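If you want the building blocks of each chain, they are given just below.
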Amino acid sequence: MNKLYVIAVIAICAAVTLFERAVPFLIFRGGRVPEPVRYLGGVLPMAIISTLIFYCLRGVSFSSAAAWAPQIISVALTAGLHLWKRSTMLSIAGGTLCCMVLTQFVFAAA
Amino acid sequence: MRKAFRYALKKSIPILISFIPVGIAYGILMRTSGLNWVWTGACSLFIFAGSLQFLAVSFFAGGVSLVTVTVMALLLNSRHIFYGIPFIEQWKKYGPWKLFLIYAFPDEAFSLHCANTFDDGSEEDKKWSYVFEALLILVYWVVLSVLGALIGSLIRFNTAGIDFALTALFIVILIEQLKAAEGSRLPAIIAAVSSVVCLLIFGQDGFILPSLLITVALLFVFRGRIAKGGERHE
């Protein structure tokens, strides 16, 4: 393995990531943030978190029960627990344990 | 400042849990491709973007031009260009800490920053809660990936399914956002529909950028209805 090449790849990945994270701050560096962007800043958090849930679930498929049931059941349990008790730790611990049990025991690959 | 630290610590625990399997898997992957824990730690510290770090491992063997590496890196994490928008004005007064917050800004930090309700404290406390959230996530990620590289192969505990902790965290944050929404809940619905449609069209590897672009477009199309319930700028 060419260590110089590895360092170059790491440097590029680090620079690209930093650049992408800095884009909005670079564009609106100077004066006031324009009104449409302020509007977007108000509504984007909800939209992006909603998108990230699907990003986490992107591997779900309906080819077999094991490929969807653990995640989808755990999503329902997490949401249900949170709507019921509204305790962050309980909802996350309950949903995660549910997904682990379903993945490892109930829908385990033969 | 101690209050802000305790607040960030408590909020970041689910992320620590979700990083256990991913960080350790990453450290093991790096070692099996011939790079020891120093390289793992360097990647986690300098790149600090999980999916890109996994992709980079496949580049290390060589044979890919650096131009291709740049384009792939730009595309894989392109969603990050949206993450700063809600924080442009808030972070303006944070001086050098603003640079740290921009650098330490993965999905996980974005989600905690969005759920940052630390407003009973001073402005100073609020700043430190952002900083500690980002810092703790960075520490978890570097430490767990280095641990994975050092002792990952000794771990026998079956962690399958534990990565759901991150999904669960996002679900909880979304429910809290929906409950707190003074205005419309339409942004969450638009994003969900756009995600499902784009998943069906583009597949799991390429859906997120088109989905976010369509979401942004629709947020402007439905702006009249979304803004009706009272806009929030803070």
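Since the model is a prediction, treat every value here as computed from it, not as a measurement. (Residues numbered from 1 in each chain as written. Chains lettered and ligands numbered in written order. Predicted model: local features only at pLDDT ≥ 70, side-chain atom pairs only at ≥ 80, totals over all residues. Heavy atoms only, no water.)

Our next topic: the interface of chain B and chain A. Between chain B and chain A, the contact holds 94 residues from the first and 68 residues from the second. Interface area for chain B against chain A, summed over the two sides, is near 7300 Å², with a carbon-plus-sulfur share of 76%. Joining chain B to chain A, the criterion identifies three salt bridges. As a salt-bridge pair, Arg 86 of chain A and Glu 176 of chain B come within 2.8 Å of each other at their nearest N and O atoms. Connecting chain B to chain A are twelve residue pairs in polar contact (both at pLDDT 80 or more). (Contact = heavy atoms within 4.5 Å. Buried area = accessible area lost by both parts, 1.4 Å probe. Salt bridge = Lys/Arg side-chain N within 4 Å of Asp/Glu carboxyl O. Polar contact = N/O pair within 3.5 Å; in protein donor to acceptor, adjacent residues only side chain to side chain.)

Turning our eyes to something else, we now look at the domain arrangement of chain B. It is common to report an interface's size as the accessible area lost on association of the parts. Residue and element names in this part refer to chain B. The domains assigned to chain B are domain 1 (2-180) and domain 2 (182-234). The gap between the C-alpha centroids of domain 1 and domain 2 is 24 Å. Contact with domain 1, which involves nine residues of that partner, is made by nine residues of domain 2. In this assembly, domain 1 packs against domain 2 so that about 770 Å² is buried in total across both faces, 68% of it on carbon and sulfur atoms. A per-residue breakdown of the area domain 1 buries against domain 2 is headed by Arg 79, Phe 82 and Leu 178, which together make up 55% of the total. At the junction of domain 1 with domain 2, the criterion picks out one residue pair in polar contact (both at pLDDT 80 or more). Tallying contributions element by element places helix H9 (residues 164-180) first for the side of domain 1 that touches domain 2, with four residues. (Domains from an automatic or database assignment. Helix = DSSP H or I, 4+ residues; strand = E, 2+ residues; numbered from the N terminus.)

This next bit is on the environment of Arg 79 of chain B. Residue and element names in this part refer to chain B. Looking at where Arg 79 falls in the secondary structure, it is placed in the loop between helix H4 (66-76) and helix H5 (80-83). Taking relative accessible area as the criterion, Arg 79 reaches 3% and is therefore assigned buried. Between the C-alpha atoms of Arg 79 and Gly 27, which are 52 residues apart in sequence, the distance is 25 Å. (Buried < 20%, exposed > 50% of the residue type's maximum accessible area, 1.4 Å probe, protein only.)

Taking 1.5 Å of rise per residue, the 17 residues of helix H3 (residues 69-85) of chain A would be expected to cover 24 Å, and the 24 Å separating its terminal C-alpha atoms lies within 8% of that figure. Among the residues making up H3 of chain A, those that are buried are Ala 69, Pro 70, Ser 74, Thr 78, Leu 81 and His 82 of chain A. For H3 of chain A, the elements touching its buried residues are helix H4 (88-106) of chain A together with H9 of chain B. Residue Arg 86 of chain A follows H3 of chain A closely and has a positive phi angle near 50°. (Expected span 1.5 Å × (residues − 1).)

With that out of the way, let us pick up the packing of aromatic side chains. The tally for this structure, following the rule as stated, stands at 23 aromatic pairs over all chains. Here the aromatic rings of Phe 87 of chain B and Trp 91 of chain B are separated by 4.8 Å at their centres, their planes lie at 15°, and the arrangement is stacked. Trp 91 of chain B matches Phe 87 of chain B in its accessibility class, with the two residues each being buried. Members of the aromatic cluster, connected to one another through ring pairs, are Phe 25 of chain A together with Tyr 83, Phe 87, Trp 91, Tyr 94, Phe 105, Phe 110 and Tyr 130 of chain B. Positioned over the ring face of Trp 84 of chain A is Lys 85 of chain A, at 4.7 Å from the centre of the ring. (Phe/Tyr/Trp six-rings, centres within 6.5 Å; stacked < 30°, edge-to-face > 60°. Lys NZ or Arg CZ within 6 Å of the ring centre and 35° of its normal.)

Outside of glycine, negative phi angles account for most residues, and trans bonds account for most peptide bonds. The phi angle at Arg 86 of chain A is positive, at roughly 50°, despite the residue not being glycine. Here Arg 86 of chain A shows up in the loop between H3 and H4. Here Phe 48 of chain B, not a glycine, exhibits a phi torsion of approximately 50°, which is positive. Using a relative accessible area of 2% as the deciding quantity, one classes Phe 48 of chain B as buried.

As a further point, take a nonpolar patch on the surface. All names here are of chain B. Residues Trp 37, Val 38, Leu 135, Val 139, Val 143, Leu 147, Leu 150, Ile 151, Leu 154, Ile 155 and Phe 157 make up a contiguous nonpolar surface patch of about 980 Å² in total accessible area. Of all the secondary structure elements, the ones that give two or more residues to the nonpolar patch are helix H2 (37-46) and helix H8 (123-151). The dominant element in the nonpolar patch, judged by the number of residues it contributes, is H8, at six residues. (Patch = residues over 30% accessible without salt bridge, like charges linked within 9 Å, V, L, I, M, F, W, Y side chains within 5 Å. Areas by Shrake-Rupley, 256 points an atom, 1.4 Å probe, with all protein chains shown as cover.)

Let us look at the nonpolar core. Leu 44 of chain A together with Phe 60, Phe 110 and Leu 219 of chain B are the most contacted members of the largest nonpolar core, which totals 99 residues. No other element matches H8 of chain B, which puts 13 residues into this core. In this structure, this core is formed jointly by two domains, domain 1 (2-180) and domain 2 (182-234) of chain B, each of which donates at least three residues. Other than its neighbours up to four places away in sequence, Phe 110 of chain B contacts Pro 45, Ile 48, Ile 49 and Leu 52 of chain A together with Tyr 83, Pro 86, Phe 87 and Phe 105 of chain B. (Core = buried A, V, L, I, M, F, W, Y, C linked by side-chain atoms within 4.5 Å.)

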